[in-house]
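Here is what each chain is made of, one letter per residue.
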Amino acid sequence: MTSRLSSTPVARALLLPLALTLLSPTVRADRMPTVTPLPAYQQECASCHLAFAPGFLPAASWQRLMGQLDKHFGTDASLDAATQTSIAGWLQSHAGTYKRVTDTPAPQDRITLSPWFVRKHREVAAEVWKRPAVKSAANCSACHPQAEQGDFNEHRIRIPR
Ligand code: HEC
Ligand code: HEC
């Protein structure tokens, strides 16, 4: 994978919330962000896995996910109604709008099954995903140590042994 890809729209669409605010349609990258990450999202949606950037999935996927939190990938991630509404609204307004995110459905509304994700990771061997230090493709920070900061640069990838 060449560094050229880091600047492709889809790579830019995948930055985590902090960085994403710089790229939201109404804000130019060279300006200060006007949208701040939602604290409730960090609190409620980053306890079992990292706070996936809203830009990773289209609005329809976030809507489905937020509508069935009691059946969330085999677990119960239910929230009180007010928190759910607030997070759902925030996700809707920051959902991925790049063509490759919106044009191709994400099976099971999973980032890790999205066609762009599969394409970007096709060189990762099946055995690697199962290593104890990785366990799941959704465990982004296992291989992208700065995933929390929205940094997926190929030069900083470390595949755990
Ligand atoms: C009680 C634990 C828990 C909480 C809280 C939780 N999740 Fe999850 N989430 C999971 C599990 C388990 C998976 C499946 C992970 C895997 O396959 O490795 C998952 C997967 C996901 C995925 C798909 C990841 C992929 O494979 O691409 C998304 C998106 C997601 N969660 C969003 C959210 C959002 C939004 C919230 C907050 C409203 C949230 N989660 C809160 C447990 C949780
Ligand atoms: C098992 C390790 C591993 C895990 C886990 C993993 N990745 Fe990756 N990722 C890679 C590797 C390796 C590449 C680069 C492949 C290449 O250069 O050919 C990559 C590339 C990427 C790229 C493209 C970077 C670029 O410059 O084009 C993005 C974006 C990305 N990953 C996001 C994610 C996200 C989001 C998650 C979690 C949902 C994740 N990755 C989980 C190993 C991993």
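This is a predicted model, so every value here is computed, not measured.

Novice: I would appreciate a short explanation of the site of ligand 1 in the present structure.
Specialist: Near ligand 1, the surroundings consist of 18 residues, among which C45, C48, F73, I111 and S136 are the closest. Broken down by class, the residue content of the shell around ligand 1 amounts to ten nonpolar, six polar and two charged.

Novice: Mind showing me how you'd approach the nonpolar core here?
Specialist: The tendency in soluble globular proteins is for nonpolar side chains to be buried as a group. Judged by nonpolar contacts, the single largest core of 14 residues is most densely connected at F56, L57, W62, I87, L91 and A95. At the level of secondary structure, the elements contributing two or more residues to this core comprise helix 4 (59-67) and helix 5 (81-94). Leaving out residues up to four positions away in the same chain, W62 has contacts with P54, L57, L91, Q92 and A95.

Novice: Hey, could you run me through the packing of helix 4 against helix 5 in this one?
Specialist: How two helices pack is summed up by the angle between their axes together with the distance between the axes. Closest axis-to-axis distance for the helix 4/helix 5 pair is 9 Å, and the angle between their directions is 170°. Judged by the angle between their axes, helix 4 and helix 5 are roughly antiparallel. In this structure, the crossing between helix 4 and helix 5 has a hand that is right-handed. Two secondary-structure elements touch here, helix 4 through A59, W62, Q63 and M66 and helix 5 through Q84, I87, A88, L91 and Q92. Grouping the constituent residues of the contact of helix 4 with helix 5 by class yields six nonpolar, three polar and no charged.

Novice: What's the story with the confidence of the model for the protein chain in this structure? I'm lost.
Specialist: Low pLDDT means the predicted atomic positions in that stretch should not be read closely. Considering every residue of the protein chain, the mean pLDDT works out to 83; 78% of them sit at 70 or more. Summarising per-element confidence for the protein chain, the mean pLDDT is lowest in helix 2 (residues 17-23) (46) and highest in helix 4 (97). Across residues 15-35, confidence stays below pLDDT 50; counting only partners more than four residues off in sequence or on other chains, it has 37 contacts.

About the criteria used
Residues numbered from 1 in each chain as written. Chains lettered and ligands numbered in written order. Predicted model: local features only at pLDDT ≥ 70, side-chain atom pairs only at ≥ 80, totals over all residues. Near = placed C-beta within 6 Å. Nonpolar A, V, L, I, M, F, W, Y, C, P; charged D, E, K, R; others polar. Core = buried A, V, L, I, M, F, W, Y, C linked by C-beta atoms within 7 Å. Buried ≥ 20, exposed ≤ 12 C-beta atoms within 10 Å, placed from the backbone. Helix = DSSP H or I, 4+ residues; strand = E, 2+ residues; numbered from the N terminus. Contact = placed C-beta atoms within 7 Å. Axes fitted to C-alpha atoms, helices over the stretch in contact; angles between N-to-C directions. Parallel < 35°, antiparallel > 145°, perpendicular 65-115°, else oblique. Left-handed = near helix turned anticlockwise from the far one by under 90°. pLDDT = per-residue confidence, 0-100.

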